[in-house]
Amino acid sequence: MSKKSSSATTKISSFVLLVIFITLALSLTALILAISAFSSNGIAAYYLLLIGFLGAALSTYVLFQTRKRIKRLSIKTPSVTTTIECRKCGFKSVRDFQRGDYIFREVDPCQKCNENMLITAIYREVEEKKKRTLF
Amino acid sequence: MAGMAALQSQIMQEPFGEFSWILTLLFYAFFFVFMFYGQKINTYIMLREVEGSLFKLKYLRDEGRKIVIETIKEIGKPQTDPTARVDRFLEYFTISPQSLDPAGIVGKLEHILDVRDTRFKDDVKLMAPATDKTQVNNLENTLEAAMALNFIYKVIRHFYLLGKKTLSLYIIMQIQMILPLVMREAEAYASALKAFADGQPIGDGAGALVAAKLTHGHPTRNIAKDCVVAAVPIEGRTAYVIKAEGPGGNVGKPGEAIKTVVEESEGEIAMIIMVDAALKLEGEAVGEVAEGVGAAIGGPGVDQFKIEESILKYRIPINAVIIKEDIGDAVSPMRKEIFDAVDKAIERIKQVILEKTKEGDRVIIAGVGNTIGIGQ
């Protein structure tokens, strides 16, 4: 397991990039040639136009797909909240989770009654998209 | 207008008129290529699909390893670089006992698991000397998640390379078919890494949280390895509430704990209620509470065996309350829905106790699951 293996996974191969950009350049050349060929050779111009558009579309698609793959490669860290409650006066505060927090841990005294407060909840909230389904 | 129509007909007719033989040739070429090489093309497409997932698995494995090393350096304050030791740890394996003669296999399996657990904890302590018991347990859990990611990556890579070498459609197909489920599991372990490293409660801890809510405020004592019990009065009955000792990440030995409480009470237990997180089916809601009978406990089966032995000896009825969640929720930070379901589960337990036992009876309530981030 090399130290560089992770960054290698998240990098686009330079060979792939080279191929994509060469294809893109050739496609653009074909499009320019198509424009100049319209007056002299109509058929050739349409072929060049077709090749140019297909090449440009294909290379752009591959480029975006490769970028999308890299973007997908991430570990999402959800935000977790800690609820702290005073058992005596009921004062409640919610903050982000900090390392060392655990449910039923006694923390700082209450701002209102000076009684030790207790962590009563640690959870994350997930917003789920409601999918329409028959079942 | 007339000029446009002429141009159109030129475009539409001329290419097909002049080069129609090329199109016919192309059609036949495609036909024969797909007839003779269709399977090979399919194989290459599948290989490419597996390769894409393998990239992701490699990334997850490497990130897991990075998180583990960073956490050890941060909280363990090691004198030397722990990287080599972590890499060695990720390659650990456990050989399960021989099952040709299954008599006594549970004891053998329990022994192997105990040895594994001790070895893991000792190694974690060596890697991170400045850690307390809670942090050792959390780091052990983090390392186990990283180990799982390493194992998944290696297995998929094995089949990928084997498929590439043999170009056998059937080797590649079997891995390609289970790939979505494997990826789901790998993503779940990846999200568990951070939760374990920080000591956050996870979905699997729903059962432990039920027990923690019941025992909170009552004195607890150690009953089995990494397990505590508290005698809690509920609706005029005495409930022996068992859970793994928190807040470090461990599941304890609930089987051994239940067996000890049953023996201490000489079998005078009116009922056992087990609470655990259970995998939901697609379409079911996260945090749904369900009720049934039997020993609600997962794992290798040692604890379930011990519980079933104990209840059989004294003919004790056993009930189960489960909180439903999917594999991703089970090992990632606890969702609000699961947290809220804990109170519903407690209500359900009280209802069962009221309906099935008499005042003055003794019952056992076992909250099963990883107690990471949950005290008592």
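Placed above this text is the structure.
None of the values given here were measured: they were computed from a predicted structure. (Residues numbered from 1 in each chain as written. Chains lettered and ligands numbered in written order. Predicted model: local features only at pLDDT ≥ 70, side-chain atom pairs only at ≥ 80, totals over all residues. Heavy atoms only, no water.)

1. Examining the overall build of chain B
Piece 1. Within chain B, the secondary structure is distributed over 11 helices and seven strands.
Piece 2. Rg of the C-alpha trace for chain B: 28 Å, well past the compact-globule value of 21 Å for 376 residues, more than 25% over.
Piece 3. The principal-axis extent of the C-alpha atoms belonging to chain B is close to 100 × 55 × 50 Å.
Piece 4. Scored against the burial criterion, the 376 residues of chain B give a buried share of 50%. (Helix = DSSP H or I, 4+ residues; strand = E, 2+ residues; numbered from the N terminus. Rg over C-alpha atoms; globule rule 2.2 N^0.38 Å. Buried < 20%, exposed > 50% of the residue type's maximum accessible area, 1.4 Å probe, protein only.)

2. Points about the interface of chain A and chain B
Piece 1. Across the contact, 34 residues belong to chain A and 45 residues belong to chain B.
Piece 2. Between chain A and chain B the total buried area reaches about 3500 Å² when both faces are included, carbon and sulfur atoms providing 65% of it.
Piece 3. Here chain A and chain B share three salt bridges between them.
Piece 4. Between Glu74 of chain B and Arg99 of chain A there is a salt bridge, with the nearest N and O atoms lying 3.0 Å from each other.
Piece 5. Those elements giving two or more residues to the side of chain A that touches chain B turn out to be helix 1 (5-9), helix 3 (42-72) and strand 4 (116-124) of chain A.
Piece 6. Top contributing element to the side of chain A that touches chain B by residue count: strand 4 of chain A, with six residues.
Piece 7. Classifying every residue of the side of chain A that touches chain B gives 17 nonpolar, nine polar and eight charged. (Contact = heavy atoms within 4.5 Å. Buried area = accessible area lost by both parts, 1.4 Å probe. Salt bridge = Lys/Arg side-chain N within 4 Å of Asp/Glu carboxyl O. Nonpolar A, V, L, I, M, F, W, Y, C, P; charged D, E, K, R; others polar.)

3. Re the packing of aromatic side chains
Residues and elements named next belong to chain B.
Piece 1. A full pass over the atoms with the stated rule returns nine aromatic pairs over all chains.
Piece 2. Measuring from centroid to centroid gives 5.7 Å for Phe27 and Tyr28, while their planes differ by 75 degrees, and the two rings are edge-to-face.
Piece 3. The class for Phe27 is exposed, based on a relative accessible area of 55%.
Piece 4. Taking the centre distance of 6.3 Å and the plane angle of 20 degrees together, the rings of Phe30 and Phe34 count as stacked. Residue Phe30 and its partner Phe34 are both found in helix 2 (residues 20-76); the two are separated by four residues, about one turn of the helix. (Phe/Tyr/Trp six-rings, centres within 6.5 Å; stacked < 30°, edge-to-face > 60°.)

4. Some thoughts on the sheet that holds strand 6 (residues 318-325) of chain B
Residue and element names in this part refer to chain B.
Piece 1. Taken in spatial order, the seven strands line up as 1-2-3-7-4-6-5 in an open sheet, and their pairing is mixed. Of all the strands in the sheet, the pair left with one neighbour each is strand 1 (220-224) and strand 5 (289-293). Looking at each pair of strands side by side, their axes are set apart by 30 degrees on average, direction ignored.
Piece 2. Relative to strand 3 (residues 237-244), strand 2 (residues 227-234) runs antiparallel, the two being bridged by eight bridges. Pairing of Ala230 across the sheet is with Val241, part of strand 3.
Piece 3. Contacts from helix 8 (residues 254-264) reach strand 1, strand 2, strand 3, strand 4 (271-279) and strand 7 (362-367) within the one sheet, and its direction differs from that of strand 1 by about 105 degrees. (Pairing = 2+ DSSP bridges. Axes fitted to C-alpha atoms, helices over the stretch in contact; angles between N-to-C directions.)

5. Quick word on the layout of surface pockets
Piece 1. Considered as a void within the structure, the second largest pocket measures approximately 1400 Å³ in volume.
Piece 2. Surrounding the second largest pocket, 34 residues form its lining, Val126 and Glu128 of chain A together with Asp326, Asp329 and Arg335 of chain B being those nearest its centre.
Piece 3. Within the residue set of the lining of the second largest pocket, elements represented by two or more residues are helix 2, helix 6 (169-198) and helix 10 (327-331) of chain B.
Piece 4. The element best represented in the lining of the second largest pocket is helix 6 of chain B, accounting for five residues.
Piece 5. A per-class count over the lining of the second largest pocket returns 10 nonpolar, six polar and 18 charged.
Piece 6. Three or more residues apiece are contributed to the lining of the second largest pocket by two domains, here domain 1 (46-198) and domain 2 (203-367) of chain B. (1 Å grid on protein atoms, 1.4 Å probe; cavity = no way out; pocket = protein on both sides within 12 Å on 5 of 7 lines; lining within 4 Å. Points joined across faces, edges and corners; volume = space filled by probe spheres on them. Domains from an automatic or database assignment.)

6. Brief notes about the side chain of Thr83 of chain B
Piece 1. Looking at the element boundaries, Thr83 of chain B is found in helix 3 (residues 83-90).
Piece 2. Ignoring anything within four residues of it in the chain, the contact list for Thr83 of chain B reads Arg65 and Ile69 of chain B.

7. Here's the deal with the pairing of strand 3 of chain B
All names here are of chain B.
Piece 1. Across the eight residues that make up strand 3, a large majority, seven, are buried.
Piece 2. Counted between consecutive antiparallel strands, the loop separating strand 2 from strand 3 contains two residues, among which Glu235 sits at a positive phi close to 50 degrees.
Piece 3. Pairing of strand 3 with strand 7 involves six bridges; the strand directions are parallel. The residue of strand 7 that forms the bridge with Ala239 is Val363.

8. Section: the sheet that holds strand 4 of chain A
Residue and element names in this part refer to chain A.
Piece 1. Pairing within the open sheet is antiparallel, and its four strands lie in the order 2-1-4-3. The sheet is open, and its two borders are formed by strand 2 (92-96) and strand 3 (106-109), each paired with just one other strand. Here the average twist between neighbouring strands, direction ignored, is 35 degrees.
Piece 2. Examined bridge by bridge, strand 3 and strand 4 share three bridges and lie antiparallel to one another. Bridge pairing links Pro109 to Asn116 in strand 4.

9. A word on the nonpolar core
Piece 1. One finds Leu57, Val86 and Ile156 of chain B to be the most contacted residues of the largest nonpolar core, which totals 49 residues.
Piece 2. No other element matches helix 6 of chain B, which puts 14 residues into this core.
Piece 3. Setting aside its immediate chain neighbours within four residues, Ile156 of chain B contacts Val50, Leu54, Leu57, Ile175, Leu179 and Val182 of chain B.
Piece 4. Counting residues in each nonpolar core, the second largest holds 48 residues, with Met117 and Tyr123 of chain A together with Val342 and Ile365 of chain B among its members. (Core = buried A, V, L, I, M, F, W, Y, C linked by side-chain atoms within 4.5 Å.)

10. Description of the environment of Ile103 of chain A
Piece 1. Here Ile103 of chain A is to be found in the loop between strand 2 and strand 3.
Piece 2. The exposure class of Ile103 of chain A is buried, given its relative accessible area of 0%.
Piece 3. Measuring from C-alpha to C-alpha, the distance between Ile103 of chain A and Ile22 of chain A comes to 58 Å, with 81 residues separating the pair along the chain.
Piece 4. Residues contacting Ile103 of chain A, with those up to four places away along its chain left out, are Ile119, Thr120, Ala121 and Ile122 of chain A together with Pro201, Leu209, Phe339, Gly373, Ile374 and Gly375 of chain B.

11. Things to note about unusual backbone geometry
Piece 1. That bond from Gly246 of chain B to Pro247 of chain B is cis: its omega, 10 degrees, falls within 30 degrees of zero.
Piece 2. When you line up the elements, Pro247 of chain B lands in the loop between strand 3 and helix 8.
Piece 3. Non-glycine residue Asn114 of chain A carries a positive phi angle of around 65 degrees.
Piece 4. Relative to the elements of secondary structure, Asn114 of chain A occurs in the loop between strand 3 and strand 4.
Piece 5. Its identity is not glycine, yet Glu266 of chain B carries a phi of approximately 50 degrees, on the positive side.
Piece 6. Relative accessible area serves as the criterion here: at 61%, Glu266 of chain B is assigned to the exposed category.

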